[in-house]
Amino acid sequence: MPSHPTSTPRIALITNDELGGSRWNGRDLMHGLRRLGVQAHLFVQKKQSDSPHVRQVAAFKGRDRIGEMLASIEQKTSLQSVLFPWSEWLRRDPVYAEANIVHLHIFHMEYLSLPLLPRLVGNKKLVVTMHDAWPVTGHCVHPAGCDRYQSGCQACPKLELPFPMRSDRAALMARLKRHALTRTHAHLHVTTQYMQDICEQAWVSQGLPCSKVPLGIDTHVFTPALRTSPNVPAPRRLTVGIRASHIHWKGLPLALEAFREAAKHIPLHIITFQDKGLMRDLGPNVEVTDLGWVKDEADIVHAYQQMDVFLMPSTHESFGYMALEAMACGVPPVVFASTTMEEVAGSAACAYLAPYGDPKGLSDALRQAHDQPADRLARSKAARARAVSHFPREGYEGAMLRIYESLLA
């Protein structure tokens with residue numbers, strides 16, 4: 001007999017990396033649920049803290065070497081998240097066994113096996129957060145204009161897209177995903193209308209329930225810098241933040257083109273997160289500060305507080321959490337219109353919206369931010385207000401708890 005009432009949520013959240021993206025990958029949600037009195041634990045492939053509520057899966061000597069071997073086989077055979085056996089260790093974990101809700105976040109990344117997912121879930125309820133489209137496509141993270149995911153990804157024309165395949169097994173992977181999600185009666189959680197549309201159209205997820213709940217942010221931590229003067233003069237250099245990444249949908253080539261054009265007219269200071277050395281050959285009118293990977297939350301907030309605007313030239317995003325982080329810190333984002341980031345930003349009152357895919361539009365927005373400080377300050381205040389009113393962390397945590405409770409009702 002269970003030791004707890006079956007209607008009381010006991011949550012097993014599953015993700016790949018404990019600290020990488022902890023504000024949206026399940027770790028912060030786990031802590032928030034525990035503050036609400038809910039029994040919740042996070043199960044990870046890479047544990048990086050001493051938290052007693054975070055449990056590493058299959059932590060035995062030689063695990064990494066076995067994982068590397070299996071990853072190599074999957075790459076050569078164009079399989080993805082099929083061969084990894086770590087769910088068997090997770091299934092036997094006594095804390096996991098007590099859970100009645102399984103909440104998958106980042107569960108691929110050479111971690112769990114799709115064919116073993118029904119066995120792992122068993123008679124528990126399953127929630128899958130769609131941090132990207134991979135769970136409902138043949139292999140790609142974003143369909144990027146391709147509609148074949150709507151009919152099972154037959155004859156994939158874009159095998160080079162992440163996660164790439166050497167040979168076309170996209171249709172096979174789509175069938176494996178559909179089998180795993182339908183057998184477990186998965187409840188999909190999406191954070192934007194873009195992802196809801198994909199889930200409703202995808203062959204893999206046809207007929208599965210889907211709830212839209214935007215992510216939340218702690219606006220007591222992510223907060224604007226204190227200003228000693230209400231007046232904001234035109235900066236000597238416009239300080240622009242950006243995530244520097246070669247991931248194709250992050251828009252690095254578009255950003256570099258925009259920076260080169262803007263630097264012909266205004267001085268720039270670029271602060272980058274993630275990869276170093278990508279902001280090269282931008283001319284003498286540009287200073288660059290490469291921060292690399294920043295995991296300490298206080299350092300992340302401090303970096304945002306130094307920025308005038310945050311450039312996020314992504315052509316596709318499932319949510320665009322860094323735009324929300326910037327907004328919470330009173331930093332208006334520069335984004336493409338007709339993307340998820342516009343949905344997060346809400347309107348041009350909070351952000352600078354450039355025509356989709358147009359680097360000149362990005363450049364013009366940077367020049368406007370430099371030349372019109374009063375307008376920039378107004379957008380800063382509006383961005384902060386929207387983050388506070390539309391994306392509170394407590395609202396996100398409460399909404400997820402209501403989903404769990406509804407599944408157990």
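Placed above this text is the structure.
Please read these numbers as outputs of a predicted model, since none were measured by experiment.

A look at the overall build of the protein
Counting its secondary structure elements, the protein contains 14 helices and 13 strands. Relative to a compact globule of 409 residues, whose C-alpha radius of gyration would be 22 Å, the protein shows 22 Å and is just as compact. Dimensions along the principal axes, computed over C-alpha positions, put the protein at roughly 65 × 50 × 40 Å. A total of about 17400 Å² of accessible surface is found on the protein, and carbon and sulfur atoms cover 53% of it. Across the protein, the mean location of the 45 positive side-chain charges is 5 Å away from that of the 39 negative side-chain charges.

Notes on the packing of helix α12 (residues 359-371) against helix α13 (residues 373-390)
The contact between α12 and α13 brings their axes to 5 Å, and the two run at 100°. The orientation of α12 relative to α13 falls into the category roughly perpendicular. Each of Gln368, Ala369, His370 and Asp371 in α12 lies in contact with α13, whose residues at this interface are Pro373, Asp375, Arg376 and Arg379. In terms of residue class, the contact of α12 with α13 is built from 2 nonpolar, 2 polar and 4 charged.

Notes on the sheet that holds strand β3 (residues 54-56)
Strand order across the open sheet formed by 7 strands is β3-β2-β1-β4-β5-β6-β7, with parallel pairing between neighbours. Edge strands, defined here as strands with exactly one partner in the open sheet, are β3 and β7 (210-212). Going from strand to strand, the sheet's axes swing by 25° on average, the running direction of each strand aside. Taken together, the 4 bridges between strand β1 (residues 10-17) and strand β4 (residues 101-104) define a ladder with parallel strand orientation.

Focus: the state of the cysteines
As enumerated under the stated definition, the model contains 0 disulfides in all. Of all cysteine sulfurs, the one in Cys153 lies closest to Cys140, which takes part in no disulfide; the gap is 6.2 Å. Judged by relative accessible area, which is 11%, Cys140 ranks as buried. Residue classification places Cys153 among the buried residues on the basis of a relative accessible area of 10%.

A short note on the pairing of strand β11 (residues 309-312)
Burial along β11 is two-sided: Val309 and Leu311 facing one way and Phe310 and Met312 facing the other are all buried. With 3 bridges connecting them, strand β8 (residues 238-244) and β11 associate as parallel partners. Along β11, the bridge assignment pairs Val240 with Val309. Of the strand pairs in this sheet, β11 and strand β12 (residues 333-336) are connected by 3 bridges, and their pairing is parallel.

Focus: the nonpolar core
Within the largest apolar cluster, 51 residues are counted, with the highest numbers of intra-cluster contacts made by Leu13, Leu33, Tyr304, Phe310 and Tyr404. Leaving out residues up to four positions away in the same chain, Phe310 has contacts with Gly241, Ile242, Arg243, Phe273, Tyr304, Met322, Ala326, Val331, Pro332, Pro333 and Val334. Counting residues in hydrophobic clusters, the runner-up holds 48 residues, among them Ile14, Phe107, Ala170 and Cys199.

Things to note about the sheet that holds β11
In space, the 6 strands of this open sheet follow the order β10-β9-β8-β11-β12-β13, with parallel pairing throughout. Among the strands making up the open sheet, the edge pair consists of β10 (286-290) and β13 (352-354). Neighbour-to-neighbour, the strand axes of this sheet turn through a mean angle of 25°, independent of strand direction. In this structure, β12 lies alongside β13, joined through 3 bridges in parallel fashion. For Val334, the partnering residue across the bridge sits in β13 and is Tyr352. Here α12 sits on the sheet in contact with β8, β11, β12 and β13, set at roughly 155° to β13.

Conventions and cut-offs
- Residues numbered from 1 in each chain as written.
- Predicted model: local features only at pLDDT ≥ 70, side-chain atom pairs only at ≥ 80, totals over all residues.
- Heavy atoms only, no water.
- Helix = DSSP H or I, 4+ residues; strand = E, 2+ residues; numbered from the N terminus.
- Rg over C-alpha atoms; globule rule 2.2 N^0.38 Å.
- Areas by Shrake-Rupley, 256 points an atom, 1.4 Å probe, with all protein chains shown as cover.
- Lys, Arg positive; Asp, Glu negative; His and termini not counted.
- Charge placed at Lys NZ, Arg CZ, Asp CG, Glu CD.
- Axes fitted to C-alpha atoms, helices over the stretch in contact; angles between N-to-C directions.
- Parallel < 35°, antiparallel > 145°, perpendicular 65-115°, else oblique.
- Contact = heavy atoms within 4.5 Å.
- Nonpolar A, V, L, I, M, F, W, Y, C, P; charged D, E, K, R; others polar.
- Pairing = 2+ DSSP bridges.
- Disulfide = S-S within 2.5 Å.
- Buried < 20%, exposed > 50% of the residue type's maximum accessible area, 1.4 Å probe, protein only.
- Core = buried A, V, L, I, M, F, W, Y, C linked by side-chain atoms within 4.5 Å.

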